[in-house]
Amino acid sequence: MHNPIVIKTEYITLGQFVKLTNVLDSGGMVKSFLQDQGVLVNGEREHRRGRKLYPNDVVEIEDIGTFIAVKVDE
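These remarks concern the structure in this document. The structure presented is a predicted model; accordingly, all values stated were derived computationally and were not measured.

Analysis parameters
- Along each chain, numbering runs from 1 in the same order as the chain's sequence is written.
- Local features in this predicted model are restricted to residues whose pLDDT is 70 or higher, and side-chain atom pairs enter the listing and the counts only when it is 80 or higher, whereas totals over whole chains, interfaces and linings include all residues.
- Here the side-chain values reflect all heavy atoms present in the structure, with hydrogen atoms and water set aside.
- The rule is short: rings of Phe, Tyr and Trp, with Trp giving its six-membered ring, pair when the centres are within 6.5 Å, and they are stacked under 30 degrees, edge-to-face over 60, tilted in between.
- Labels follow the DSSP assignment, with helices taken as runs of H or I lasting at least four residues and strands as runs of E lasting at least two, numbered in each case from the N terminus.
- The cut-offs for exposure are 20% and 50% of the maximum accessible area for each residue type, with area from a 1.4 Å probe on protein chains only; residues under the lower value are buried, those over the upper are exposed, and the others partly exposed.
- At least two bridges found by DSSP between two strands is the condition for calling them paired.
- To obtain an axis, a line is fitted to C-alpha atoms, over the contacting stretch when the element is a helix, and the angle between two such axes runs from 0 to 180 degrees between their N-to-C directions.

1. Here's the deal with the packing of aromatic side chains
By the definition in use, this model includes one aromatic pair. Aromatic pair tyrosine 11 and tyrosine 54: ring centres 5.8 Å apart, planes at 55 degrees, arrangement tilted. Residue tyrosine 11 is located in the loop between strand S1 (3-7) and strand S2 (12-13), and its partner tyrosine 54 is located in the loop between strand S5 (52-53) and strand S6 (58-61); the two are separated by 43 residues in the primary sequence. On the accessibility criterion, tyrosine 54 (34% relative accessible area) is partly exposed.

Following this line, the structure appears as structure tokens:
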């Protein structure tokens, strides 16, 4: 089961997305985490916090959970 993360724009950066999961406390922690450990985006290892995520992209954070970007129109 994927935990939905709601986005209201066409895309969101990976760094912003991880911050919205509330797994890490600050943007600095997100930056460090992505550089050191990375996450899986649609099954591929990713370390770039500027990576663009679009609706239905799946992000897996090891030992934490799996999240999916869900677009909501305002």
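Now that the structure has been shown, the text picks up again.
2. Some words on the sheet that holds S1
Judged by pairing direction, the sheet is mixed, and its five strands sit side by side in the order S1-S7-S6-S3-S4 without closing on themselves. Where the open sheet ends on each side, the last strands, each with one partner, are S1 and strand S4 (44-46). Recorded for the sheet is a direction-independent mean angle of 35 degrees between the axes of neighbouring strands. Bridge count for strand S3 (residues 39-41) against S6 is two bridges, and the pairing is antiparallel. For valine 41, the partnering residue across the bridge sits in S6 and is valine 59.

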